[in-house]
Amino acid sequence: MNVFNSIDDCCHINNAVITLGMYDGVHIGHQTIIKQLNNIAQNINGESVLLTFYPHPRKVVQPDFKLELLSTLAEKENILKDLNLNNLVIHPFTKDFSQVSAKDFIVDYLIKKMNLHTLVIGHDHHFGKNREGNFEQLEKLSKEYGFNLIQLEAIHHEESAISSTKIRKALKEGNIEYANQALKYNYPLSGIVVHGDKLGRTLGFPTANLEVDSTKLIPKDGVYAVAVFVDNKKYLGLLSIGYRETVTNSREHRIEVNILNFDQQIYGETIHLEFLGRLRDEKKFNSLDELIEAMNKDKENAIKKFSSNI
């Protein structure tokens, strides 16, 4: 997969079959569009192209808005690579660019600079200044400028259309099962291992404290079974998200993982996790003994339910 950091860098694409959008999470609906792009491109001796933007347009238009993204840019690139996309164009999103009209965007950018042959969009796609661009306008432009236009139907799961918004809602509710099914892969999380207060090791459950991307959506507080990837090896882990009220009065929100059958110093390293399932809610226990008992039960449940995933 070719990766370009601007529309201006990709002027030699042959018969470009383009889709555009943030593709946050690259869920099943997005994956269907990418497959369609690839099929069309093969049939016309062209190339499939996803045009996306960085930073996120919402952050430029509303600087104080707190982003909660399903995928970092690196995660998005990895997923798209696995889908055999030919070209990923990550165009800088600026205030000036946000003022480009839908028509000027299609003509000046997609047609003149990217050699647009076919545009493939989802069922509810809008674009351009104030999201004024819609399917009806695209139909008129396709006839006027001679490019093909294809609009795909929504992809459904559990009788409702899949969207990044619904997946975010599910994760905030701790519904990992729905999120993983709608994504068609296990929800990922990466973080740098930082020093903590090392309380976990005194309880028999040493943990790696993670510092994660501030724009990444963190699922609902609680305890989860996760797959942990360290130095290209895969381990089962127990991930705790929350405030650890049983052992501290601090209101510092922590993300920490106990990696089973693992005993290495990995401070400063970046490790990758995949959510396998939710084990329980976060809870304040009456004593450390109750906490240890619960953690042992978490470990037992994780091994029983998810060891086959490792």
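Just so we're clear, the structure is a prediction, and the values are computed from it rather than from any experiment.

Before going further, it helps to spend a moment on the side chain of Glu75. Here Glu75 shows up in helix 3 (residues 73-82). There is a polar contact of 2.9 Å between the side chain of Glu75 and the backbone nitrogen of Thr72. Once residues lying within four places of it in the same chain are set aside, the contact partners of Glu75 are Leu70, Pro188, Leu189, Ser190 and Lys216.

A few words now on the nonpolar core. Nonpolar side chains in soluble globular proteins generally cluster together in the buried interior. If you look at the biggest cluster of nonpolar residues, it comprises 49 residues, and the most contacted ones within it are Ile167, Val228, Leu239, Val257, Ile271 and Phe275. Setting aside its immediate chain neighbours within four residues, Phe275 contacts Ile176, Asn180, Asn186, Tyr187, Leu189, Pro219, Tyr224, Ala225, Val226, Leu239 and Ile241.

Moving on, we get to the packing of helix 5 (residues 102-111) against helix 6 (residues 135-145). Running from N to C, helix 5 and helix 6 cross one another at 45°; their axes reach a closest spacing of 11 Å. Between helix 5 and helix 6, the crossing angle belongs to the class labelled oblique. The chirality of how helix 5 crosses helix 6 is right-handed. Each of Ala102, Lys103, Ile106, Val107 and Ile111 in helix 5 lies in contact with helix 6, whose residues at this interface are Gln137, Leu138, Leu141, Glu144 and Tyr145. Here the contact of helix 5 with helix 6 is composed, by residue class, of 7 nonpolar, 1 polar and 2 charged.

In this section: unusual backbone geometry. In this model, Tyr54 is joined to Pro55 through a cis peptide bond whose omega is 0°. Topologically, Pro55 is positioned in the loop between strand 3 (47-54) and helix 2 (57-61). With phi around 45°, Asn15 is a residue other than glycine that occupies positive phi space. Note on placement: Asn15 falls in the loop between strand 1 (2-4) and strand 2 (16-20).

Read across the open sheet, the 6 strands follow the order 1-4-3-2-5-6; overall the sheet is parallel. At either margin of the open sheet sits one strand with a lone partner, and together these are strand 1 and strand 6 (148-151). Pairs of neighbouring strands in the sheet enclose a mean axial angle of 20°, with direction left out of account. Of the strand pairs in this sheet, strand 2 and strand 3 are connected by 5 bridges, and their pairing is parallel. Bridged to Val17 within strand 3 is Ser48. Against the sheet, helix 3 makes contact with strand 1, strand 3 and strand 4 (87-92), and its axis sits at roughly 160° relative to strand 4, the strand it touches most. Seen against the sheet, helix 5 touches strand 2, strand 3, strand 4 and strand 5 (116-121) and runs at an angle of roughly 125° to strand 5.

Another aspect to go through is the packing of aromatic side chains. Here the structure, examined in full by the defined rule, presents 9 aromatic pairs. Ring geometry for Phe53 versus Phe97: centroids 5.6 Å apart, planes at 45°, classification tilted. With Phe53 in strand 3 and Phe97 in helix 4 (residues 95-98), this residue pair connects regions lying 44 residues apart in the sequence. On the basis of relative accessibility, which here comes to 9%, the residue Phe97 falls in the buried class.

Turning to helix 10 (residues 288-306), a few remarks are in order. Structurally, the α-helix is built with 3.6 residues per turn, so residues lying three or four positions apart point the same way. Taking 1.5 Å of rise per residue, the 19 residues of helix 10 would be expected to cover 27 Å, and the 26 Å separating its terminal C-alpha atoms lies within 8% of that figure. Listed in full, the buried residues belonging to helix 10 are Leu291, Ala294, Met295, Asp298, Ala302 and Phe306. Buried positions in helix 10, seen along its axis, are confined to an arc of 100° and lie on one side of it. Opposite the packed face of helix 10, turned more than 90 degrees from it, sit the exposed residues Asp289, Glu293, Lys297, Glu300 and Lys304. Tucked into the core, helix 10 has its buried residues touching strand 11 (222-230), strand 12 (233-242) and strand 14 (270-280).

Turning next to helix 8 (residues 176-183). Most of helix 8 is tucked away: 6 of the 8 residues are buried. By the burial criterion, the buried members of helix 8 are Ile176, Tyr178, Ala179, Asn180, Ala182 and Leu183. Where helix 8 terminates, the next one or two residues include Lys184, which has phi positive at roughly 70°.

Thresholds applied
- Residues numbered from 1 in each chain as written.
- Predicted model: local features only at pLDDT ≥ 70, side-chain atom pairs only at ≥ 80, totals over all residues.
- Heavy atoms only, no water.
- Helix = DSSP H or I, 4+ residues; strand = E, 2+ residues; numbered from the N terminus.
- Polar contact = N/O pair within 3.5 Å; in protein donor to acceptor, adjacent residues only side chain to side chain.
- Contact = heavy atoms within 4.5 Å.
- Core = buried A, V, L, I, M, F, W, Y, C linked by side-chain atoms within 4.5 Å.
- Buried < 20%, exposed > 50% of the residue type's maximum accessible area, 1.4 Å probe, protein only.
- Axes fitted to C-alpha atoms, helices over the stretch in contact; angles between N-to-C directions.
- Parallel < 35°, antiparallel > 145°, perpendicular 65-115°, else oblique.
- Left-handed = near helix turned anticlockwise from the far one by under 90°.
- Nonpolar A, V, L, I, M, F, W, Y, C, P; charged D, E, K, R; others polar.
- Pairing = 2+ DSSP bridges.
- Phe/Tyr/Trp six-rings, centres within 6.5 Å; stacked < 30°, edge-to-face > 60°.
- Expected span 1.5 Å × (residues − 1).
- Arc of directions from axis to C-beta.

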